[in-house]
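Topology and contacts: notes
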Amino acid sequence: MSAPPSLLDPGVERDPHPLYRTLRGDFPLVYDEPFGAWLISRYADVRAALADPRLAAPSPGPAAPARREDGTHGAYRALVSSALGGRAAAALAAGVERTAYVLARRLASRQEADLVAEFCQWLPAAAVVAALGLPYEDTARVHAWCRTGLDHLGGHRPALDAYLRPHIVRRRAHPGDDLLSALCTARPGGRPLPDEAVTDLAVTVLGAAGETTARALASFLANLLDHAGQLDLIRARPELTGSAWAESLRRDPPLQIVPRRALEPIGPIPEGATVACLLGSAGRDPARFADPDRYDAFRPDPGELAYGSGRHFCLGAPLARLTAEGGLRALLAVLPDLRRAPGPRPRAEGLISRSPRTLPVCPR
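Before going into details, it helps to say that this report is about the structure given with it. (Residues numbered from 1 in each chain as written. Predicted model: local features only at pLDDT ≥ 70, side-chain atom pairs only at ≥ 80, totals over all residues. Heavy atoms only, no water.)

As a further point, take helix α8 (residues 158–173). In this model α8 runs 23 Å from its N-terminal to its C-terminal C-alpha over 16 residues, within 8% of the 22 Å that 1.5 Å per residue would give. Burial in α8 covers these residues: L160, Y163, L164, H167, I168 and R171. (Helix = DSSP H or I, 4+ residues; strand = E, 2+ residues; numbered from the N terminus. Expected span 1.5 Å × (residues − 1). Buried < 20%, exposed > 50% of the residue type's maximum accessible area, 1.4 Å probe, protein only.)

Next comes the structure, spelled out in C-alpha cells:
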C-alpha cells in the first residue's frame, strides 16, 4: 500500500488545494510522517478540533496569563474582548481610518503601486497602536516588532516589555479611553492586574498587527479586485464589507494550518502528538459550502474558522475586521479607479501562512 500524501510533497506549497481535496475525500484523519503531525481536513472535524479542550495551543515560551489553561483564562479573554468592543473601539476606528487615508493618499498620484508593501503591511500596526493608545510616531517601531515575528504566546521579548513599562505606569496614574488604560484599570476578582499580565495582554493584541492580519488584508483586497462586480456593489453598499471580509477568510485564510497538541489520547492520536488543523482545506469543504472555490462576497454563511473557534478564538479578530473595513473604505474613497495592474497576477504563496506577496495595482 502506498504512503498517504504529505504536506511536504512537491508542488503542495505552490498549490495545496489538490492535496486538500484528496485528504478530505480519502484521508480525513491521517498521520503525515514527513510533516510530523496528524492532519484534519474536513470542516466539521476542524471546527470540532479547534474547540476541543483536549487539544491545546502550543506555547513556545512561558505561558502568558492571556493563554493560561486555568480559571483566569476566560476572565482575561473577556476583559480584552470587552475593551476592544467598548472603551477602545472609537479610538481604534479613528486610528484605522486616519492611517488608512494617509496611506491611500500617498498612492493617489502614482501610476502603479504595490498594495501589500505600501498598504497592507503598514495598516495593521497603525491600528493596534491606536487601540492601545501608544504614540502615533511609534508606529514604525511597532511595525518592525510585528514584522520580525512578535511572540504573542509568551517568550523572550525584553525590548517590547521595556517599551511598554513606562506607558503602563502612566496609564495607571492617568487612564484614558484606550485599551491599555482599560487593562491597567481593570479589577477582575476585585484586584488590579499585575504589570506582567497587562504586558502579556497588550502583546496578545499587538500580535494581531503582525503578518497574519497583513496577509488576510492582502487576500481580501486581491479577491475584491478580481471580482469587480462585487466590489462595485460593496462600493455602493459599504455595509456589506463585513460579509466580504468573512468570505475572504473562508476561501483564503492567512493561516492555512493551525497546530494543536494532544493533552491525552484521542482515538488513534496519542498523547503529546501534534495535530494540524487544515483551515485552508476546511474552508473549501464541499460538504459545508456550495461551490467552495468561488469567491462570493454575499455568501449567506461563510463560516468562521480563520481566527480559531471556541475558547481559542483569536482576540485579534475584531481588530482585524475593523482594520479591513476601514482600509477598504479609505481605498474606495481616495482611489475610486483602483484596479489590478496589467500583466501577470502574482499567485498566493506559502504552506503554513498563505497570501499574495505582492499586489500590483493602478491607483488612478
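Once the structure has been displayed, the description carries forward.
So, on to the sheet that holds strand β5 (residues 257–262). On the basis of which strands lie adjacent, the open sheet formed by 5 strands has the order β1-β2-β6-β5-β3 and mixed pairing. The open sheet is flanked by β1 (29–32) and β3 (55–56), the only strands paired with a single partner. Relative to strand β2 (residues 37–40), β1 runs antiparallel, the two being bridged by 4 bridges. Each bridged residue has a counterpart across the sheet, and for V30 the counterpart in β2 is L39. (Pairing = 2+ DSSP bridges.)

What follows concerns the pairing of β5. In this structure, β3 lies alongside β5, joined through 2 bridges in antiparallel fashion. Note that in β5 the partner of L55 across the bridge is A262. Relative to strand β6 (residues 274–278), β5 runs antiparallel, the two being bridged by 5 bridges. In the strand pairing of β6, V258 is matched with C277.

Let us look at the layout of surface pockets. Here the second largest pocket is characterised by a volume of approximately 420 Å³. Broken down by secondary-structure element, the contributors of at least two residues to the lining of the second largest pocket are α11 (211–225) and β9 (355–356). Residue contributions to the lining of the second largest pocket peak at 3 residues, all from α11. Considering only residue class, the lining of the second largest pocket consists of 4 nonpolar, 5 polar and 9 charged. (1 Å grid on protein atoms, 1.4 Å probe; cavity = no way out; pocket = protein on both sides within 12 Å on 5 of 7 lines; lining within 4 Å. Points joined across faces, edges and corners; volume = space filled by probe spheres on them. Nonpolar A, V, L, I, M, F, W, Y, C, P; charged D, E, K, R; others polar.)

A general tendency of soluble globular proteins is for nonpolar side chains to be buried together. L115, F119, L164, F220 and L221 are the most contacted members of the largest nonpolar core, which has 66 residues in total. Of all the elements, α11 adds the most residues to this core, at 8 residues. If you look at the next biggest cluster of nonpolar residues, it comprises 18 residues, including L50, I269, A273 and V275. (Core = buried A, V, L, I, M, F, W, Y, C linked by side-chain atoms within 4.5 Å.)

This brings us to the packing of aromatic side chains. Note on aromatic pairs: each is described by the distance of the centres and the angle between the planes. The final tally for this structure, using the stated rule, is 3 aromatic pairs. Seen in terms of ring centroids, Y31 and W38 are 5.5 Å apart; in terms of plane orientation they differ by 55 degrees. Their pairing is tilted. The exposure class of Y31 is partly exposed, given its relative accessible area of 38%. Centre to centre, the rings of Y43 and F289 are 5.4 Å apart; their planes meet at 85 degrees, and the pair counts as edge-to-face. Of the two residues, Y43 is situated in helix α2 (residues 43–51) and F289 in the loop between α14 (279–282) and α15 (317–334); the sequence distance between them amounts to 246 residues. (Phe/Tyr/Trp six-rings, centres within 6.5 Å; stacked < 30°, edge-to-face > 60°.)

Glancing now at the sheet that holds strand β10 (residues 360–362). Two orientations exist for strands paired in a sheet by backbone hydrogen bonds: parallel and antiparallel. Taken together, the 3 strands give an open sheet; going across it, the order is β4-β10-β7, and neighbouring strands pair in antiparallel fashion. Edge positions in the sheet fall to β4 (113–114) and β7 (339–340), since each of these pairs with one other strand and no more. Across 2 bridges, β4 lies against β10 in antiparallel orientation. Paired with D114 across the two strands is P360, which belongs to β10.

This part covers the pattern of salt bridges. Enumeration over the complete set of coordinates arrives at 18 salt bridges. Among the salt bridges present, the one from E247 reaches R250, with a minimum N-O distance of 2.8 Å. Highlighted residues: E247 and R250, both in helix α13 (residues 241–251), separated by 3 residues, approximately one helical turn. For the residue pair E247 and R250, the accessibility class agrees, reading buried in each case. (Salt bridge = Lys/Arg side-chain N within 4 Å of Asp/Glu carboxyl O.)

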